[in-house]
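Architecture and fold: a report
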Amino acid sequence: MKALCQTSIYLEKSLRVILPEAEGNNVSPEFAATAADNLKSLGFGLSATLLERLACLREEQVAEWYDRILPILKEMVGAHHKFKPFYPNFPKQVKEASEAELYFNAITHYFGFLLSDALDDPNLVVLPSYEKEARPLLKEFQQLRWIELGSEENFDSIFTRLASSNGSLSARDQEILAWFAEHRDVDNLVPDKIPQKETLALLVSILPDPSCLQSAIKTATDVLRIAVAMSQGDISLAQTTKFCNFSKAERRFLLSALENVGETRTEDMLRWKGRWLRLGERLHPGDFKHRYPKALESFDVLRNKEPVKTFNRRVEDAVSKGDAAGSIRLLKQRPGDFARRLDHALRSHRDQGAIVDAFLQVANKVSTPVLLQLWHHFENRNGVRSRAFFPKGNAAKVQFDDSPLPDLPEELTAQVASGTRQVLVERFKELPQLGKVFLAKELEDLIVPFSQRSASRTLRSIARGSKFKLPEGETLRFFCWWKNIPKGSEWDRRVDIDLSVSLFKSNWELHGDISYYNLRQGDCYHSGDITSAPQGACEFVDINLQSVLTMGARYAVMSVLSFTGQPFLALPECFGGWMMRAEPNSGEVFEARTVQDKIDITAASKACVPVIVDAETRQIYWADLGLKSLSQINNASKNSVGFSQIGKAIVGIRKPALYDLLSMHAEARGEVVEQAEEADTRFQLRDSNTNLFDPSIILSEFLA
C-alpha cells in the first residue's frame, strides 16, 4: 500500500483533484481528452469542469498530473497488480475441462507446495502450462465514477469533517488525520467541538500543540484514552494497552487534565480500575502531589480499595427496590445514561408514563447518534425475536442475542418514538436550510454509518447491513489478490489464501460451496486454487444468479480465508471485491472498469466475509465481517455455521437507514419534493449534492 499524499487522500475521500491555474495560451485539449479516455478503462471519468481546466494546461503539466493520479486510481480499483489465475481462460476453461484434467492439475500443484514446504522455498510454485486464448473485447456498458475539480480549501475541509465526526473513525481515517497533523497547518482547521471521544484522544496525541484541546477533556476516561493514544494502543478501550514511558511534560499534561475533570473523576477511574493502576505506575502521581492533589487522591482510592458507591450502583439499587422516583431522579442527571437504560427502566417499573415524561424532558441533552438509535429501537421494538450486535473494538465481528425482549404497550413505545423524533427535528432546525429536497427511496437500503472503527478501506465506504440492487447481468465475479510475507517476518512462509462462495437456501441451510475443493457447481465456477504467492496470486469465483436459484439456493456468501493460518494484517497486501459481468468470457478475467467494490482485507482475523448476495431479490449486502475459525482446516465447509450466522445477521439487520435520518433533516430544514429536477438538494446515490459514501460527511454534518 502506497504512502498517503494529498492527491491520494483527496481522490479517496472526495474523488477530487487540484490543478494549477492555466498560464498563457499553450493549451492541449486533444492531450487532455486522451488522458480522460485512458482513465475510462479504470472506470473513472473526468467532469466537464475538470476537463476544461486540463485542456488549458501545457502538455507536460497534463502528463505530470496523469502520471501522478494513474497509480492511485489503479490501486483504488485493484488494477495495480497483474491478475494471472490458475486457469488463464477462466471461466470457459473450467467449464469445459474434464474431471480428470482438473484433478491432475490440482494434485500436481499440491505436490509442488509439499515440495516447497520441504525445501523451505515459497518461490517454488507448480502451475499448469496453458496458452492464454484471445478473448472478445468487453462490450458491456459501465457507469463511470466522476472525478471533480477541487481546491485547497475544500481539501482542508476533510480534516475538519473527520475531527468533527460524531462517530468513531476507521483506521484509514485516523491515518489521514495524522497525515494532516504532520503535513498541513491545522491550527485553524480544528473544529470548535469534537463530539467523539476517541477522535479527541487521537488529536491530542498527534497535534504539535494539543493545549487548544485541553478544555475539551471532560472525564477521567478521556484522559485514559489520551494516554492509550500516546502509547499507540486501542483508543476504543476494547483491548488492553501496554503504556509507554511518558516524558515529564507528558506526565504533567495527563495529570493536569485528570486534576481538572470534575467530581466524577474517581468513579470514572473505577470503571477501568486495572488500567488506571497500570497507568499510575507510569505517571507517578506522587511526584506531583502538591500540584495535582485531587488526581493523587483518586489514585489512592483505587490502590487502597476504598469503597465508593458509583452512579450505576445507585441506579441499580433504585431499580431493585422498585423506586421509580429514585431511578428518575438519578437518570435525569445523566441524560445519555437515561437513553441507554430507558428500555430497561420501562420494563423494571410500573410507573412507565412518568419515566417517559421524565426522559423527554432531558432528551434534548442526548447526543444525536444515541437519540436516533433510540428512536429506531422504539419505532420497531415489539415483535423483534433476535438481535445482532457488533462488539466495540477493531475486530469486525458479530454476536447474537436470541432472547426476545418482553413487549411493552404499543402506545408507550409510540410515545417514546414520536417524542425522540420531534427532539431530533427541532435540533436539525438550527442547521442551514436545504430548500426543496428530493429523497430517493433507494436510501432506505443504506444504513447510517454510526461507527467506522473496524471498517476496512474500500472503494466505497458503506455501513454494514447496507444493500444495493445489482447492476444488469447474470454473473457476479468475485476476486481476491494476495502476496507472500517477506523473509524475516514472524509469519515467514508461503501464504495460501482461499476465495470461496458458500450457497445457502432461504432458511440458511447450507446448499454447497464453490471453492478449491469444488471448482464447479451448476453454472458457477472457481478459477483454481493457488497455494503460494511469491509474486502475488489471485483467485476468482463466478456466480450465475439464475443457476443459484435453479439449484435450490438463494444466498451466496463470499469469503476470503487464510488456509495457512496467517492473520490478514500480517500480509503485505490482500484485497478482494466483486464485479458484474453480462458475458463472463468477454474482456479480460479482471476488468477494472467492471469493479463495483474493492476492499482491503487487513483484519487480525483469518476469515473474512466481504459481501452477501441475495439471488432472489438481486441485491448485494455489505458485510465486511471477520470470523474466528476454530477448525485446523480453515475452509468454507468448516466455517459454514459461522457464515450462516453472519448471513442471518446482515440480511436481517435492524438499524436506522439514511432515508430515516435525511427525511428528518428535510422536514426540519426544507420542503420535500417528488422530482429530483425540482430540488435544490438531492439525496440519491448518483448526482447527489452530498457524497453519501463519505461517512465523515454524514457523521459531521447530519449527526451533529
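The structure displayed is predicted, hence computed values, not measured ones.

Broken down by element type, the protein chain carries 24 helices and 20 strands. At 28 Å, the protein chain has a C-alpha radius of gyration in line with the 27 Å of a compact globule built from 704 residues. Referenced to the eigenvectors of the C-alpha coordinate spread, the extents of the protein chain come out at roughly 80 × 65 × 60 Å. For the protein chain, the proportion of contacts with a sequence separation of at least 24, taken over those separated by at least 6, is 76%. Surface exposure of the protein chain reaches about 31,600 Å², of which carbon and sulfur atoms provide 48%. One way to put it: in the protein chain the 87 positive side-chain charges average out to a point 6 Å from where the 93 negative ones average out.

Attention now moves to empty space enclosed by the protein. Empty space among the atoms becomes visible once a probe the size of a water molecule is rolled across them. Enumeration according to the criterion identifies six cavities of 30 Å³ or more in this entry. In this structure, the largest cavity encloses a volume near 80 Å³. Together, 13 residues line the largest cavity, and Ile-447, Ser-461, Ile-462, Ala-463 and Leu-692 are the ones closest to its centre. Taken together, the residues of the lining of the largest cavity sort by class into ten nonpolar, three polar and no charged. In this structure, the second largest cavity encloses a volume near 70 Å³. Around the second largest cavity sit Glu-12, Met-76, Arg-457, Thr-458, Leu-459, Lys-598 and Asp-600, which together line it. Its residues assigned to classes, the lining of the second largest cavity shows two nonpolar, one polar and four charged.

Turning our eyes to something else, we now look at the pattern of salt bridges. One pass over the full model with this rule turns up 41 salt bridges. Among the salt bridges present, the one from Asp-343 reaches Arg-381, with a minimum N-O distance of 2.6 Å. Of this pair, Asp-343 sits in helix H17 (residues 335-348) while Arg-381 sits in the loop between helix H19 (368-379) and strand S4 (387-389), placing them 38 residues apart in sequence. Looking at Arg-381, the relative accessible area reads 4%, which means it is buried. In this structure, the salt-bridge partner of Lys-441 is Glu-444, at a minimum N-O distance of 3.5 Å.

Before going further, it helps to examine the packing of aromatic side chains. Enumeration according to the criterion identifies 24 aromatic pairs in this entry. Their ring planes at 35° and their centres at 6.1 Å tell us that Phe-468 and Phe-693 sit as a pair that is tilted. With Phe-468 in strand S7 (residues 467-469) and Phe-693 in the loop between strand S20 (681-683) and helix H24 (695-702), the pair connects residues that are 225 residues apart, well separated along the chain. Phe-693 carries the same exposure label as Phe-468, and that label is buried. With centroids separated by 4.2 Å and ring planes inclined at 5°, the aromatic side chains of Trp-508 and Tyr-555 adopt a geometry described as stacked. Of this pair, Trp-508 sits in the loop between strand S9 (497-504) and strand S10 (510-514) while Tyr-555 sits in strand S14 (residues 555-562), placing them 47 residues apart in sequence. A single burial state applies to Trp-508 and to Tyr-555, both of which are buried. Through successive ring pairs, a cluster of aromatic residues spans Phe-83, Phe-90, Phe-479, Trp-481, Phe-540, Phe-575 and Phe-590. Against the face of Phe-468 rests Arg-460, its NZ or CZ located 4.6 Å from the ring centre. Between Arg-460 and the ring centre of Phe-693, over which it is positioned, the NZ or CZ distance is 5.1 Å.

Now for the pairing of strand S13 (residues 537-544). Counting buried positions along S13 yields eight of eight residues, so the element is predominantly enclosed. What you see with S13 is no split at all: Ala-537, Glu-539, Val-541 and Ile-543 on one side and Cys-538, Phe-540, Asp-542 and Asn-544 on the other are buried throughout. Relative to S13, strand S12 (residues 524-526) runs antiparallel, the two sharing two bridges. Each bridged residue has a counterpart across the sheet, and for His-526 the counterpart in S13 is Val-541.

On to the sheet that holds S13. Spatially, S11-S12-S13-S8-S15-S16 is the arrangement adopted by the six strands of the open sheet, whose pairing is antiparallel. Strands at the two margins of the open sheet, each flanked by one partner only, are strand S11 (520-521) and strand S16 (595-600). Pairing between strand S15 (residues 574-581) and S16: five bridges, direction antiparallel. Counted as the bridge partner of Gly-576 is Ile-599 from S16.

Before going further, it helps to spend a moment on the nonpolar core. The biggest cluster of nonpolar side chains holds 141 residues, and the ones touching the most others in it are Trp-65, Phe-478, Trp-482 and Ile-543. The leading source of residues in this core is helix H4 (residues 59-77), at nine residues. Among the nonpolar cores identified, the runner-up in size contains 54 residues, and Leu-169, Val-190, Val-228 and Trp-272 belong to it.

Turning our eyes to something else, we now look at the sheet that holds S10. Ordered by their spatial adjacency, six strands build an open sheet running S7-S18-S17-S14-S9-S10, and the pairing between neighbours is antiparallel. Lying at the two open borders of the sheet, with one neighbouring strand each, are S7 and S10. On average, adjacent strands in this sheet sit at an angle of 20° to one another, irrespective of strand direction. Here S7 pairs with strand S18 (residues 619-626) via three bridges, running antiparallel. Note that in S18 the partner of Phe-468 across the bridge is Ile-620.

Bringing helix H14 (residues 293-304) into the picture now. If you check H14, its first and last C-alpha atoms are 16 Å apart, about what twelve residues at 1.5 Å a residue would give, namely 16 Å. Those residues of H14 that sit buried are Ala-295, Leu-296, Ser-298, Phe-299, Val-301 and Leu-302. Of the surrounding secondary structure, the elements contacted by the buried residues of H14 are helix H11 (248-259), helix H12 (265-271) and helix H13 (273-283). The first or second residue beyond H14 is Lys-305, which carries a positive phi of 55°.

Every regular strand shows the same layout, with side chains that alternate between the two sheet faces. Sheet topology places strand S6 (residues 435-439) next to strand S19 (residues 670-673); four bridges connect them, and they run parallel. The residue bridging Phe-438 from the neighbouring strand is Val-673, located in S19. As paired strands, S6 and S20 are joined by three bridges and run parallel to one another. Within S20, the position partnered with Val-437 by the bridge is Thr-681.

Cis geometry is adopted by the peptide bond preceding Pro-91, which originates at Phe-90 and carries an omega value of 0°. Note that Pro-91 resides in the loop between H4 and helix H5 (92-96). Although it is not a glycine, Trp-508 sits at a positive phi angle of roughly 65°. Judged by relative accessible area, which is 11%, Trp-508 ranks as buried.

Right, let's talk about the packing of helix H15 (residues 311-320) against helix H16 (residues 324-331) for a bit. Put simply, H15 and H16 touch, their axes get as near as 8 Å, and they point 155° apart. Classified by the angle between their axes, H15 and H16 sit roughly antiparallel to one another. The two elements H15 and H16 cross, and the hand of that crossing is left-handed. In this structure, H15 uses Phe-311, Arg-314, Val-315, Ala-318 and Val-319 to contact H16, whose residues at the interface are Gly-326, Ser-327, Leu-330 and Leu-331. Classifying every residue of the contact of H15 with H16 gives six nonpolar, two polar and one charged.

Calculation notes
Residues numbered from 1 in each chain as written. Predicted model: local features only at pLDDT ≥ 70, side-chain atom pairs only at ≥ 80, totals over all residues. Heavy atoms only, no water. Helix = DSSP H or I, 4+ residues; strand = E, 2+ residues; numbered from the N terminus. Rg over C-alpha atoms; globule rule 2.2 N^0.38 Å. Contact = heavy atoms within 4.5 Å. Areas by Shrake-Rupley, 256 points an atom, 1.4 Å probe, with all protein chains shown as cover. Lys, Arg positive; Asp, Glu negative; His and termini not counted. Charge placed at Lys NZ, Arg CZ, Asp CG, Glu CD. 1 Å grid on protein atoms, 1.4 Å probe; cavity = no way out; pocket = protein on both sides within 12 Å on 5 of 7 lines; lining within 4 Å. Points joined across faces, edges and corners; volume = space filled by probe spheres on them. Nonpolar A, V, L, I, M, F, W, Y, C, P; charged D, E, K, R; others polar. Salt bridge = Lys/Arg side-chain N within 4 Å of Asp/Glu carboxyl O. Buried < 20%, exposed > 50% of the residue type's maximum accessible area, 1.4 Å probe, protein only. Phe/Tyr/Trp six-rings, centres within 6.5 Å; stacked < 30°, edge-to-face > 60°. Lys NZ or Arg CZ within 6 Å of the ring centre and 35° of its normal. Pairing = 2+ DSSP bridges. Core = buried A, V, L, I, M, F, W, Y, C linked by side-chain atoms within 4.5 Å. Axes fitted to C-alpha atoms, helices over the stretch in contact; angles between N-to-C directions. Expected span 1.5 Å × (residues − 1). Parallel < 35°, antiparallel > 145°, perpendicular 65-115°, else oblique. Left-handed = near helix turned anticlockwise from the far one by under 90°.

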